[in-house]
Amino acid sequence: MTEPPTPTGPADAAAPTSVRAVGGLLPRWSEWKPAVRSPGADLLAGVIVALVALPLALGFGISSGLGAAAGLTTAVIAGAVAAVFGGSRFQVTGPTGAMTVVLVPIVGQYGPTGVLAVGLIAGAILLVLAFAGVGRAVRYMPAPVIEGFTAGIAVVIALQQVPAALGITGATGEKVWQSAADAVHTFLQAPTILTPATTLIVAAVILLGGRYLPKIPFSLIAVAAATLTAHLFHLDIARIGTIPAGFAAPTLSFLHLGDLTSLIAPALAVAALAALESLLSATAADSMAVGARHNPDRELLGQGLANIAAPMFGGVPATGAIARTAVNVRSGARTRLAALTHALILAAIVYLAASLVAEIPLAALAGVLLATTVRMVETASILAITRATRADTLVMIATFGVTVVFDLVTAVAVGVGFAAILALRAVAQSARLEQVPLDTNDHLAEEHELLREHIVAYRIDGALFFAAAHRFLLELADVADVKVVILRMSRVTAIDATGASVLKDAITKLEHRHITVLISGAKPEHLRPLAALGVFTTTDSEDRHLFDTTPRAIAYARMLVLPEHHYTSTTTKD
C-alpha cells in the first residue's frame, strides 16, 4: 500500500524562501559522492597543487610581514574550510599576492595582532555579504578595472621582492616602491652577485619550464635545487629561518583592542578584495572546466568562514587563488576533494618537514613570486582593451597607476568611478533630440510649407537623465518661429528627476514665448517622474497637451494652427 503524497500548499510555500536560500549555501553530501566513488584524479590533482602552493604560501606569508609560518597556516586552514564550504568545486584558497599588497600597510600600522583582528572582522563581513546575496555583483566589474589592478598588483608584488632579491634587510619607505628604491640604493653601495643570481635563476627556471612542460611543478623543483645548493656549498645567503612544527592558536588579546572602530576600514578593504578576487577566480575556473558553474553567494560564505578560521591559528586573510585554482583544473580535478587534499598535504609538511622548509633561501622565494607576477599579466587582454576604446584604455591606466602609487582598494574605487563617469558620458552623448517629419501623406507644397513654419516635431532618443538633460534643454530652448512643438517620447529609455525637471523648465520657457508643447507616446513609467516634478498637474490629457499617440498630437496641433481644418488621422507613427 502506497502512502499518500505529502500535501503541498501555502504552508509549504511559506516555509520558505529564506530557509531555502540559506540551505542553498550549505554543503551537500551529493558534492562528495563522486570523490568517494573515484578519488584517484582528485588526489593526484591535490598533490600537484600542494607542490605549487608550498613556495607561494611561504613567499606570500613573508611578504605580508607575518612570516612564512603564517602563510603556510593560511594555506592549510583557509584552504580546507573554503574547500568544504565554498561555492566552487575547483577553487583553491590561500594567501595571495593581491591580499599581501593590502596587508603590508595594515601590518605597518597595527602590527601582526591587528592583522589577525582585521581578518576576523573581514570574515564576518563576507558572511553578511553572502546572506545578503551580493555575490552576483562581481559581473558588473568593468574589464579595464580588473586588468588595470591585476597588472598593478603584479608590479607591486615584484617591487616587494626587490629587497629579498638583492639580499637587503631593513629597507625603509612607506610605500612599496619607496622601500624598493631604498633597497637598490643600499645594494649599490656594496653589490654582490650571489643573491640576485639565485632569484633570477629560480624565476627563469619556473618561466621557461612552465612554458614547455606546464604540468611539472617547476617552482618546487627550483626552490628545492636552490636550497640544496645553498646547504651543500654553505653559501652565505639569507634563509627563511625557524618554522614551528604544528599549529598553535595565537593569543586572543587582539579581540580586546581599545578601539576596534579603527580596524573597520581596513577590514572592509580586506573583505572587498577577498570577495572580488575569489569570485573572479571561481569565474575563471568555470570557463576552464566543461559544465562547471559556481554559486557566488556560497563562495562568499566559504571565504568568510575561511577568514574567520585562519586568524584563530595565526594565519593571514585569504582569498581564492587564481593561479592555484587554474593548476587544480588543469591537473584533472573533478570535485572538492582536490582542494582539500592540497590543504592536508601542506598540513603534513608543517608537521613533518618544518626544519627543511626553514632552510629555503629567501632569494629563491623571491624568484618564485617574480615569476608569478610575470604570469599574472595577460598581455593579450591588455592589448585588446587598448585597441577597444580610448575610454577603456584610460580606465585601465588610471587603475594601474593608483594601484602602484597608492593601494589596491583606492585603485578599484577610482577605476570603477572613472568607468562610471565615462559610461554616463557615453550614454548622455547617445541621447538625441532629432527633428522628424510630421506626415508622409501627399499634400500641397503650400501646406507643407505652413506646417514646417508653424509646427515642429522632435523625437527624443535614449536616456533623459542628469548627464544629458542640460544639453537637451539648450537644444530645445533654441526652437524659434513655431507655434506648436510636439515631443515624441516613445523612444525614451529612462528619465530621472533631473531630466524631468529640465523638461519642465524647457516647456515653461517655450510656453512663455507662446509656443504650445504637446507630448506623445510617453510610457507610464516615464510619466511618473514627470508628474512628480509638476510637469503635469492633471490627468486630463487633452487639456494638458499629453497624448498617447503621435497621430492624435499631430491632429490637435493642426487644429491649433489651422482651426478651419479638421484633421482626424495621419500616417505618422512612433
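Quick caveat: nothing in here was measured; it's all calculated off a predicted structure. (Residues numbered from 1 in each chain as written. Predicted model: local features only at pLDDT ≥ 70, side-chain atom pairs only at ≥ 80, totals over all residues. Heavy atoms only, no water.)

Asker: Which parts of the structure should I look at to understand unusual backbone geometry?
Answerer: Working note: non-glycine residues mostly have negative phi, and peptide bonds are mostly trans. Positive phi, close to 50 degrees, is recorded for H234, a residue that is not glycine. Residue placement: H234 occurs in the loop between helix 11 (218–232) and helix 12 (264–288). One non-glycine residue, H514, adopts positive backbone phi at about 65 degrees. One can find H514 in the loop between helix 23 (497–512) and strand 7 (516–520). The class of H514 is exposed, set by a relative accessible area of 71%. (Helix = DSSP H or I, 4+ residues; strand = E, 2+ residues; numbered from the N terminus. Buried < 20%, exposed > 50% of the residue type's maximum accessible area, 1.4 Å probe, protein only.)

Asker: Looking at this structure, how should I read helix 17 (residues 362–376)?
Answerer: Taking 1.5 Å of rise per residue, 15 residues should cover 21 Å, and helix 17 covers 21 Å from first to last C-alpha, within 8% of that figure. Burial in helix 17 covers these residues: A363, A364, L365, A366, G367, V368, L369, A371, T372 and T373. On its buried face, helix 17 is in contact with helix 4 (40–64), helix 7 (143–160), helix 8 (162–166), helix 10 (194–212) and helix 11. (Expected span 1.5 Å × (residues − 1). Contact = heavy atoms within 4.5 Å.)

Asker: Please explain the environment of Q91 as it appears in this structure.
Answerer: Mapped onto the elements, Q91 comes out in the loop between helix 5 (68–85) and strand 1 (93–94). Residue class for Q91 comes out buried when judged on its relative accessible area of 4%. In contact with Q91, not counting residues within four places along its chain, are S278, S281, A282, E299, Q303, G320, A321, T325 and A339. In this structure the side chain of Q91 is engaged in a polar contact, spanning 3.0 Å, whose partner is the side chain of T325. (Polar contact = N/O pair within 3.5 Å; in protein donor to acceptor, adjacent residues only side chain to side chain.)

Asker: Which parts of the structure should I look at to understand a nonpolar patch on the surface?
Answerer: On the surface, L208, Y212, L213, I216 and I221 cluster together into a nonpolar patch covering about 510 Å² of accessible area. Its place among the elements puts I216 in the loop between helix 10 and helix 11. Residue class for I216 comes out partly exposed when judged on its relative accessible area of 36%. (Patch = residues over 30% accessible without salt bridge, like charges linked within 9 Å, V, L, I, M, F, W, Y side chains within 5 Å. Areas by Shrake-Rupley, 256 points an atom, 1.4 Å probe, with all protein chains shown as cover. Salt bridge = Lys/Arg side-chain N within 4 Å of Asp/Glu carboxyl O.)

Asker: Any chance you could explain the packing of aromatic side chains here in plain terms?
Answerer: What describes a pair of aromatic rings is the distance from one ring centre to the other and the angle between the planes of the rings. For the coordinates displayed, the defined rule picks out one aromatic pair. Geometrically, the ring pair formed by F547 and Y556 is tilted, given 5.3 Å between the ring centres and 45 degrees between the ring planes. On the basis of relative accessible area, F547 is assigned to the buried category, the value being 8%. For Y556, a relative accessible area of 17% corresponds to the buried category. (Phe/Tyr/Trp six-rings, centres within 6.5 Å; stacked < 30°, edge-to-face > 60°.)

Asker: I keep staring at the environment of I308 and nothing clicks. Help me out?
Answerer: Note that I308 resides in helix 13 (residues 296–312). The spacing of I308 and A78 is 230 residues in sequence and 8.6 Å in space, taken between C-alpha atoms. Those residues within four positions of I308 in sequence are excluded, and the remaining contacts are L120, G123, A124 and L127.

Asker: For this particular structure, what's the right way to read the nonpolar core?
Answerer: Side chains that are nonpolar tend, in soluble globular proteins, to be buried together. Among the nonpolar cores identified, the biggest contains 88 residues, and L58, F149, I240, V270, L346 and L408 are the most heavily contacted of them. The element contributing the most residues to this core is helix 6 (residues 97–131), with 16 residues. Grouped together as the second largest cluster of nonpolar side chains are 21 residues, L487, M489, I507 and V517 included. (Core = buried A, V, L, I, M, F, W, Y, C linked by side-chain atoms within 4.5 Å.)

Asker: How should helix 23 be read in this particular structure?
Answerer: In an α-helix, one full turn covers 3.6 residues, which means residues spaced three or four apart are oriented alike. Between its first and last C-alpha atoms helix 23 spans 23 Å; for 16 residues at 1.5 Å apiece the expected length is 22 Å, and the two agree. Of the residues making up helix 23, those classed as buried are G499, A500, V502, L503, A506, I507 and L510. Around the axis of helix 23, the buried residues are gathered within 165 degrees of arc, so they sit on the same side. Positive backbone phi, at 65 degrees, marks H514, one or two positions downstream of helix 23. (Arc of directions from axis to C-beta.)

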